[in-house]
Amino acid sequence: GDPVKTSKVLPLKYAPSSPPSVLSCVGVLGATGQQGGAVLQALVAKGVSVVAITRNPSSEKAKALAGLPKVEVRKADLDDQRSLEAAFSGCDGAFVVANFWEGM
């Protein structure tokens, strides 16, 4: 079979006519990893609140993030659209990184 895993595109439910000049909250997928973690740290350093989205909020890395100011950890699964919608609820922006090879 085809080794490329297909993905679903989530419908855009809110599209402002112009982007906000200041982001107050950004959802970060992969926040417990290297890239997402670096983005989270940079946003927090700029005073932006971050929702760290992870599939395992009870992991040591997620617990450490939960102890940081301006960081809220939420659980979501990339294969569960409703969990992603709930996790990103209230966010003005998003940083999304995923492991392409996972599940292959």
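A.B. asks: So what's going on with the sheet that holds strand β1 (residues 25-29)? Which residues, and what values?
C.D. replies: An order of β3-β2-β1-β4 is seen for the four strands of this open sheet, with the pairing classed as parallel. Strands at the two margins of the open sheet, each flanked by one partner only, are β3 (71-75) and β4 (93-95). Each neighbouring strand pair of the sheet contributes to a mean axis angle of 25°, computed without reference to strand direction. Bridge count between strand β2 (residues 49-54) and β3: five bridges; the pairing is parallel. If you follow Val-51 over to β3, its bridge partner there is Glu-72. Running over the sheet, helix α1 (residues 34-45) touches β1, β2, β3 and β4 and is turned about 165° from β1. Docked against the sheet, helix α3 (residues 81-88) engages β1, β2, β3 and β4, running at close to 165° with respect to β3.

A.B. asks: Give me the confidence of the model for the chain: which residues, what numbers.
C.D. replies: The predicted model of the chain averages 83 in pLDDT, with 80% of residues at 70 or higher. For the chain, per-element mean pLDDT is lowest for β4, which scores 93, and highest for β3, which scores 98. Note that pLDDT drops below 50 for residues 1-7; the model gives that stretch four contacts with residues more than four away or on any other chain.

Basis of the calculations
Note that residues are indexed from 1 along each chain, following the sequence as it is written. Selection of residues for local features in this predicted model requires a pLDDT of at least 70, selection of side-chain atom pairs for listing and counting requires 80 or more, and totals for whole chains, interfaces and linings are taken over all residues. Derived side-chain values reflect all non-hydrogen atoms in the structure, with water molecules and hydrogen atoms excluded from consideration. Any two strands between which DSSP finds at least two bridges are classified as paired. By definition, any uninterrupted DSSP run of H or I lasting at least four residues is a helix, any uninterrupted run of E lasting at least two residues is a strand, and each is numbered from the N terminus. Lines fitted to the C-alpha atoms define the axes, with helices restricted to the stretch that makes contact. Angles between their N-to-C directions range from 0 to 180 degrees. The contact rule is simple, with two residues in contact once any of their heavy atoms fall within 4.5 Å. Per-residue confidence from the predictor is given as pLDDT, running between 0 and 100.

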